[in-house]
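# Descriptive structure summary
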Amino acid sequence: TRSTRPQRLLGAVQKNATRGDPGSVIQAIDHYCRNKEWAMNVGDEKGCILDSVVSEVNPATVLELGTYCGYSTVRIARLLPPHAKLITLEFNPAVAAIARQVIAWAGLEDKVQLVEGASGDFIPRIKEQFGVKTFDLVFLDHWKEYYLPDTKLMEECGLLRKGSVLLADNVVCPGAPDYLEYVRSSPRYESRYFKSHLEYTKVEDGLEKSVFLG
Ligand SMILES: CNc1ncnc2c1ncn2[C@@H]1O[C@H](/C=C/CNC(=O)c2cc(-c3ccc(F)cc3)cc(O)c2O)[C@@H](O)[C@H]1O
Ligand SMILES: [Mg+2]
């Protein structure tokens, strides 16, 4: 049977990237998705904005919602300090299996904990199950209609502290209007829009960075 897009993306990594070299994994995926087959990775342009926010926050604990093939997981994990931990949630087992191999090819398994499951089920259990008190950085890149409910859930579960940073992909395309309205109007967030483009295209998109004020 025909391969899946994630399988073909993994093939491009295994063919063109060097094991243990996260930069070459990122480059291989971007080259494949720009020249052969589009895929919904945050991409190189928004990826540079992601890199700058990760470097600025220098997080000890990171939560990523929506691993997909692990492109942003690799982008984030490669910048983390030695004992920092990144927990990434992915509820599609076939996609999770690809992401594990992409993360392993980059040699970043020790910094990443990929959890198979739905954010709604896992967010309430993260504290006791993973011994995490709060997250310094959360990257939202899963189904767009879940950005807002999951943010409220993280607040309710006490997973955010004064200064926690939420970084949301795709706030323009496909868009997350209810989430944007919430973080921009709530007195509990200081929000800023980083204008960019939809991965590998000229279409406008951007990242919203929102600092939780406690
Ligand atoms: C709801 N809770 C959840 N918990 C755990 N994993 C979840 C999840 N929701 C979704 N996922 C997983 O995240 C991934 C989903 C990501 C959704 N992303 C998008 O829809 C998306 C879509 C576009 C896009 C933009 C324009 C266009 F024409 C077509 C697509 C661009 C992006 O950058 C995107 O991130 C999948 O791997 C899915 O299995
Ligand atoms: Mg995205």
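Thresholds, definitions, all that
Residues numbered from 1 in each chain as written. Chains lettered and ligands numbered in written order. Predicted model: local features only at pLDDT ≥ 70, side-chain atom pairs only at ≥ 80, totals over all residues. Heavy atoms only, no water. Axes fitted to C-alpha atoms, helices over the stretch in contact; angles between N-to-C directions. Helix = DSSP H or I, 4+ residues; strand = E, 2+ residues; numbered from the N terminus. Parallel < 35°, antiparallel > 145°, perpendicular 65-115°, else oblique. Contact = heavy atoms within 4.5 Å. Nonpolar A, V, L, I, M, F, W, Y, C, P; charged D, E, K, R; others polar. Near = heavy atom within 4 Å. Polar contact = N/O pair within 3.5 Å; in protein donor to acceptor, adjacent residues only side chain to side chain. Areas by Shrake-Rupley, 256 points an atom, 1.4 Å probe, with all protein chains shown as cover. pLDDT = per-residue confidence, 0-100. Donors = N, O, S within 2.8 Å, 3.2 Å for Na, K, Ca; no water. Buried < 20%, exposed > 50% of the residue type's maximum accessible area, 1.4 Å probe, protein only. Pairing = 2+ DSSP bridges.

### Here we look at the packing of helix α8 (residues 147–156) against helix α10 (residues 177–185)
Remark: α8 packs on α10, axes separated minimally by 8 Å, with the N-to-C direction vectors making an angle of 40 degrees. The angle between the axes of α8 and α10 places the two elements in the oblique class. Judged by residue contacts, Tyr147, Leu148, Thr151, Lys152 and Glu155 of α8 engage Asp178, Tyr179 and Tyr182 from α10. Residue composition of the contact of α8 with α10, by class: 4 nonpolar, 1 polar and 3 charged.

### A short note on the site of ligand 1
Taken together, the neighbourhood of ligand 1 is formed by 23 residues, with Glu90, Ser119, Asp141, Asn170 and Glu199 sitting nearest. Within the side chain of Asp141, an N or O atom sits 2.8 Å from an oxygen atom of ligand 1. Within the contact set of ligand 1, an oxygen atom lies 2.5 Å away from a side-chain nitrogen or oxygen of Glu199. When ligand 1 sits alone it has 770 Å² of accessible area, and the protein chains cover 83% of it. At the level of secondary structure, the elements contributing two or more residues to the shell around ligand 1 comprise β2 (85–90) and α9 (171–175). Each residue belonging to the shell around ligand 1 can be placed in one class, and the counts come to 12 nonpolar, 6 polar and 5 charged.

### Quick look at the confidence of the model for the chain
In this model, the chain carries a mean pLDDT of 98, and residues with pLDDT of at least 70 account for 100%. If you check the scores for this complex, the pTM reads 0.99 and the ipTM reads 0.99.

### Details of the coordination of the magnesium ion (ligand 2)
In this structure, Asp141 (OD), Asp169 (OD) and Asn170 (OD1) serve as the protein donors to the magnesium ion (ligand 2), at separations of 2.0 to 2.2 Å. Of note, the donors binding the magnesium ion (ligand 2) are all from one chain and are spaced D-x27-D-N. One end of the pair, Asp141, is in the loop between β4 (135–140) and α8; the other, Asn170, is in the loop between β5 (160–168) and α9, and 29 residues separate them in sequence. For Asp141, a relative accessible area of 14% translates into the label buried.

### Some remarks on the sheet that holds β4
Read from one edge of the open sheet, 7 strands run β3-β2-β1-β4-β5-β7-β6, paired in mixed fashion. Each having just a single partner strand, β3 (112–116) and β6 (189–197) make up the two edges of the open sheet. Between one strand and the next, the sheet's axes are offset by a mean angle of 15 degrees, whatever the strand orientation. In this sheet, strand β7 (residues 204–212) lies alongside β5 in antiparallel orientation, the contact comprising 4 bridges. Within the sheet, the bridge partner assigned to Val165 lies in β7 and is Val211. Together, β1 (61–65), β4, β5, β6 and β7 form the strand contacts of α8, whose direction differs from that of β5 by roughly 165 degrees.

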